Amino acid sequence: MANMFALILAIATLVTGIIWCVDKFKWAPARKARQAEADAQAGEIPAGQSKAAKQPGWAETAASVFPVLLLVFIVRSFVYEPFQIPSGSMMPTLLIGDFILVEKYAYGIKDPITQTTLIPTGHPKRGDIAVFKYPENPSLDYIKRVVGLPGDRVSYDPQSKTVTINPACGTGTSCDKALAVTYSDVKPSDFIQTFSGFDGNKEGNGFYQVPQGDTMRGGLRLATRNETLGDVTHSILLVTQAQSQASAYYQQPGQPQSSWVVPEGMYFMMGDNRDNSADSRYWGFVPERNLVGKATAIWMSFEKQEGEWPTGVRLSRIGGIH
């Protein structure tokens, strides 16, 4: 869908641009010539009122729309693109209903249709929040945190729910040295996750920000702690009452369960809402060509649940993403 919109925008920009060029350099001079001829033949007709000089309405519309479409196309394709957060997989960093800006040039200037890198500008850093084309269905845009870089061995303990990273494991050298990944103590978060049919809940599944001490029918309060990947610290959410389903993890050939070595040109992504994120643990790695850009800011936020209409505005969330 995202690529289809880019294609439609590109075609609209191209068509209106052609009309603008033809009108400016061919049709407009011809109209002026006909106007001058008409004025010479009928000197009493006020200038500009001759039908011979009238610009067709469709050409006038196309020529006036072209500069706007061109600006939108350039900004959206190569500078910044807006995205909406549709799910809770990146909570508490990003909430359902957040509208974010994605820096398109962070990982290379790319062809907006084919995603081919035209000008390399950089590579993802560990801890970045990246938007990318879902490898199993490139028409879908996903957003996750970059956890593993090419050559990293990433291990996830489904019981303690902690990550271990050993860099440079894809070079054939020893990779016994682990990256500093530290965690703060687990404590209750401000979020409750509700489950349809649990404890009489008839409202359905959802995530709600609820003050400490309050409860919701059919809901479990999520836990939180800080995770530091190298020099990047962020908060994550956990369902402490449940163990991660390691049996459903992607099994990389030649590697033990819950452990992956990131191939060259690939990245390992994880959501900050660790027990509510379908990420690289389940479907594997993200090719560099699938990267769309780096999430940098929240420009609007609406109070809402997944698949529902907004119920309010969260102006306090507008600003940079950490």
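All figures in this text were calculated on a predicted structure; none of them were measured in a lab.

Draft legend 1. Examining the overall build of the chain more closely. Tallying secondary structure elements over the chain gives three helices and 19 strands in all. In terms of overall size, the chain is more extended than a compact globule, its C-alpha atoms giving a radius of gyration of 27 Å where 322 residues would be expected to give roughly 20 Å. For the chain, the spread of C-alpha atoms along the three principal axes comes to 90 × 55 × 30 Å. Expressed as a percentage of its 322 residues, the buried residues of the chain come to 42%. Intrachain contacts of the chain at a sequence separation of at least 6 include 58% that bridge at least 24 residues. When the accessible surface of the chain is split by element, carbon and sulfur atoms take 59% of a total near 16900 Å². For the chain, the distance from the average position of its 30 positive side-chain charges to the average position of its 30 negative side-chain charges is 3 Å.

Draft legend 2. Representation of the sheet that holds strand 14 (residues 259-261) in the model. Strand order in the open sheet formed by three strands is 8-7-14, with antiparallel pairing between adjacent strands. On the outer flanks of this sheet lie strand 8 (162-166) and strand 14, each paired with one strand and no other. The mean angle between the axes of side-by-side strands here comes to 15 degrees, regardless of whether they run parallel or antiparallel. Pairing between strand 7 (residues 153-157) and strand 14: three bridges, direction antiparallel. Following the sheet pairing, serine 155 is matched in strand 14 by serine 259.

Draft legend 3. Quick peek at the environment of proline 256. Structurally, proline 256 can be placed in the loop between strand 13 (232-238) and strand 14. Taking the C-alpha atoms as reference points, proline 256 and serine 155, 101 residues apart in sequence, are found 9.3 Å from one another.

Draft legend 4. Representation of the layout of surface pockets within the structure. Quantified by volume, the largest pocket comes out at close to 530 Å³. Surrounding the largest pocket, 25 residues form its lining, Phe83, Gln84, Pro86, Asp141 and Tyr142 being those nearest its centre. Listed by contribution, the elements that provide at least two residues to the lining of the largest pocket are strand 1 (80-84), strand 2 (98-103) and strand 6 (141-148). Partitioning the lining of the largest pocket into residue classes produces 15 nonpolar, six polar and four charged.

Draft legend 5. Representation of the nonpolar core in the model. Val147, Val154, Val163, Trp260 and Phe268 are the most contacted members of the largest nonpolar core, which has 14 residues in total. When residues of this core are traced back to their parent elements, those giving at least two are strand 7, strand 8 and strand 15 (266-270). With 13 residues, the next largest nonpolar core counts Met90, Leu94, Ile129 and Ile321 among its residues.

Draft legend 6. Spotlight on unusual backbone geometry. Proline 92 follows methionine 91 through a cis peptide bond whose omega is 5 degrees. Along the chain, proline 92 falls in the loop between strand 1 and strand 2. Phi at glutamine 115 is positive, roughly 65 degrees, even though this residue is not glycine. On the secondary structure map, glutamine 115 appears in the loop between strand 3 (109-110) and strand 4 (117-119). Using a relative accessible area of 12% as the deciding quantity, one classes glutamine 115 as buried.

Draft legend 7. Seen up close, helix 2 (residues 57-79). Between its terminal C-alpha atoms helix 2 stretches 33 Å, which fits the 33 Å expected from 23 residues at 1.5 Å a residue. Phenylalanine 66 marks the point of greatest bend in helix 2, at about 35 degrees, and the proline proline 67 comes within the next four residues. Regarding helix 2, the residues found buried are Ala59, Ala62, Ala63, Phe66, Leu69, Phe73, Arg76 and Ser77.

Draft legend 8. Main features of the pattern of salt bridges. Across all of its chains, the model carries 12 salt bridges by this definition. One salt bridge in this structure joins arginine 76 and glutamate 81, with 2.8 Å as the shortest N-O distance. The same class applies to arginine 76 and to glutamate 81, which are both buried. Arginine 317 serves as the salt-bridge partner of aspartate 98, at 2.7 Å between the closest nitrogen and oxygen. In this pair, aspartate 98 sits in strand 2 while arginine 317 sits in the loop between strand 18 (312-313) and strand 19 (319-320), placing the two residues 219 residues apart along the sequence. Of the residues examined, aspartate 98 reaches a relative accessible area of 0% and is grouped as buried. If you follow the salt bridges from partner to partner, you end up with Asp98, Glu303, Arg314 and Arg317 in one network.

Draft legend 9. Examining the environment of threonine 194 more closely. Among the structural elements, threonine 194 can be located in strand 10 (residues 187-194). Distance in space between the C-alpha atoms of threonine 194 and histidine 234 is 24 Å, their sequence separation being 40 residues.

What counts, and where the lines are drawn
- Residues numbered from 1 in each chain as written.
- Predicted model: local features only at pLDDT ≥ 70, side-chain atom pairs only at ≥ 80, totals over all residues.
- Heavy atoms only, no water.
- Helix = DSSP H or I, 4+ residues; strand = E, 2+ residues; numbered from the N terminus.
- Rg over C-alpha atoms; globule rule 2.2 N^0.38 Å.
- Buried < 20%, exposed > 50% of the residue type's maximum accessible area, 1.4 Å probe, protein only.
- Contact = heavy atoms within 4.5 Å.
- Areas by Shrake-Rupley, 256 points an atom, 1.4 Å probe, with all protein chains shown as cover.
- Lys, Arg positive; Asp, Glu negative; His and termini not counted.
- Charge placed at Lys NZ, Arg CZ, Asp CG, Glu CD.
- Pairing = 2+ DSSP bridges.
- Axes fitted to C-alpha atoms, helices over the stretch in contact; angles between N-to-C directions.
- 1 Å grid on protein atoms, 1.4 Å probe; cavity = no way out; pocket = protein on both sides within 12 Å on 5 of 7 lines; lining within 4 Å.
- Points joined across faces, edges and corners; volume = space filled by probe spheres on them.
- Nonpolar A, V, L, I, M, F, W, Y, C, P; charged D, E, K, R; others polar.
- Core = buried A, V, L, I, M, F, W, Y, C linked by side-chain atoms within 4.5 Å.
- Expected span 1.5 Å × (residues − 1).
- Bend = angle between axes of the 7 residues up to and from the residue.
- Salt bridge = Lys/Arg side-chain N within 4 Å of Asp/Glu carboxyl O.

Any functional reading would require information beyond the geometric quantities listed.
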